[in-house]
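Residue-level structure breakdown
Single-letter residue listing:
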Amino acid sequence: GAIAWYREVLRQAHQAERARAYLAERGLADETLDRFGIGYAPNTWDALTRRLRDRGFKDAELVAAGLAGPSPRGGVYDRFRGRIIIPIRDATGRAIGLGGRIMPGAEGPKYLNSPATAIFDKSRTLYGIDLAKAAIRREKLAVIVEGYTDVMAAHQAGFTNVVASLGTALTRGQVELATRYADAIALAYDVDL
């Protein structure tokens, strides 16, 4: 429910205009944004939590799912606010976490990921693996890049054996996941001079 709602907000909300413009500037087509389920979290404290509460979810469930954080004033608040939302899926396509990219010029960390949960362990996950695994098997090669948008741009350009290491240094768990489908791994990280 949350991912579909974030997607709808990105598509239609007036508040998401800058996010739509930013993604277009990055050259990402609507079809690509659909394929990856990209959305937008409005810059409000409780738009998502209110919506999910109305559907019967308890505050504790929203916190456990990494969608909300406990508020010092009691209750909870939306974890992701004013960010482009990037669903993170496991190899079977099940959503296990979210990445939130801040809008350029806004205050705060550039990326905010879901906290570790029972189903989300960043060190054992590769972004895009659900969409890339068939091509990785076919090419016998997994190309690992750093960023979410690098994966989307590569897939859009037809290089569908590309995944990302979720902004972390490459871990043993990620290598094990990649080699489940690939004979070889190529790293295509930005060179930080």
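Below is a summary of the structure that appears in this document. Just so it is clear, the structure is predicted and the values come from calculations on it, not from any experiment.

So, how was this worked out
- Residues numbered from 1 in each chain as written.
- Predicted model: local features only at pLDDT ≥ 70, side-chain atom pairs only at ≥ 80, totals over all residues.
- Heavy atoms only, no water.
- Pairing = 2+ DSSP bridges.
- Helix = DSSP H or I, 4+ residues; strand = E, 2+ residues; numbered from the N terminus.
- Axes fitted to C-alpha atoms, helices over the stretch in contact; angles between N-to-C directions.
- Contact = heavy atoms within 4.5 Å.
- Buried < 20%, exposed > 50% of the residue type's maximum accessible area, 1.4 Å probe, protein only.
- Parallel < 35°, antiparallel > 145°, perpendicular 65-115°, else oblique.
- Nonpolar A, V, L, I, M, F, W, Y, C, P; charged D, E, K, R; others polar.
- Arc of directions from axis to C-beta.
- Core = buried A, V, L, I, M, F, W, Y, C linked by side-chain atoms within 4.5 Å.
- Left-handed = near helix turned anticlockwise from the far one by under 90°.

With that settled, consider the sheet that holds strand S7 (residues 141-145). The sheet built from 3 strands is open, its strands ordered S8-S7-S9 with parallel pairing. Across the chains shown, the open sheet's two edge strands, defined by having one partner strand only, are strand S8 (162-164) and strand S9 (184-188). Averaged over all adjacent pairs, the angle separating strand axes in this sheet is 30°, with direction ignored. Where S7 and S8 come together, 3 bridges link them in parallel fashion. Following the sheet pairing, Val 143 is matched in S8 by Val 162. Packing against the sheet, helix H7 (residues 148-156) makes contact with S7 and S8, and its axis sits at approximately 170° to S8.

The subject of this paragraph is the pairing of strand S5 (residues 95-102). Taking burial as the measure, the 8 residues of S5 include 7 buried ones, the bulk of the element. Relative to S5, strand S4 (residues 83-89) runs antiparallel, the two sharing 7 bridges. Bridged to Pro 87 within S5 is Leu 98. As consecutive antiparallel partners, S4 and S5 are separated by 5 residues, and within that stretch Gly 93 has a phi angle of approximately 95°, a positive value. Strand direction decides the pairing type here: S5 and strand S6 (residues 111-113), joined by 3 bridges, are antiparallel. By the bridge assignment, Arg 101 is partnered in S6 with Tyr 111.

You can see Thr 49 is positioned in helix H4 (residues 47-54). Residue classification places Thr 49 among the buried positions, given a relative accessible area of 1%. Those residues in contact with Thr 49, other than ones at most four positions away along the chain, are Leu 62, Ala 68, Val 76, Tyr 77 and Asp 78.

Bringing the packing of helix H1 (residues 2-12) against helix H2 (residues 17-25) into the picture now. Where H1 meets H2, the closest approach of the two axes is 7 Å, and the angle between their N-to-C directions is 85°. Put simply, H1 runs roughly perpendicular to H2. For the pair H1 and H2, the contacting residues are Val 9, Leu 10, Arg 11 and Gln 12 in the first and Ala 19, Arg 20 and Leu 23 in the second. Broken down by class, the residue content of the contact of H1 with H2 amounts to 4 nonpolar, 1 polar and 2 charged.

With that out of the way, let us pick up helix H6 (residues 129-139). Every buried residue of H6 is listed here: Ile 129, Ala 132, Ala 135 and Ile 136. All buried residues of H6 fall inside an arc of 130° around its axis, so they share one side.

Moving on, we get to the nonpolar core. What tends to happen in soluble globular proteins is that the nonpolar side chains get buried as a cluster. Ranked by internal contacts, the top residues of the largest apolar core, which has 41 residues, are Tyr 6, Leu 23, Ile 38, Tyr 40, Ile 84 and Tyr 127. If we ignore the near neighbours within four places in the chain, the residues touching Tyr 40 are Tyr 6, Val 9, Leu 10, Gln 15, Ala 16, Ala 19, Gly 82, Arg 83, Ile 84, Ile 85 and Met 103. The next biggest cluster of nonpolar side chains, apart from the first, holds 12 residues, and it includes Ile 129, Ala 132, Ile 144 and Tyr 181.

The next point concerns the packing of H1 against H4. Packing of H1 against H4 leaves a shortest axis separation of 11 Å and a crossing angle of 135°. Our classification of the angle between H1 and H4 gives oblique. Of the two elements, H1 crosses H4, and the hand of that crossing is right-handed. Here H1 contributes Ala 2, Trp 5 and Tyr 6 to the contact with H4, which in turn contributes Ala 47, Leu 48, Arg 51 and Leu 52. Within the contact of H1 with H4, the residues separate by chemical class into 6 nonpolar, no polar and 1 charged.

Turning next to the sheet that holds S5. Spatially, 4 strands are ordered S1-S4-S5-S6 in an open sheet, and the strand pairing comes out antiparallel. A single partner strand is all that each edge strand has here, and the edge strands are strand S1 (39-41) and S6. For this sheet the average axis-to-axis angle between neighbouring strands, irrespective of direction, equals 35°.

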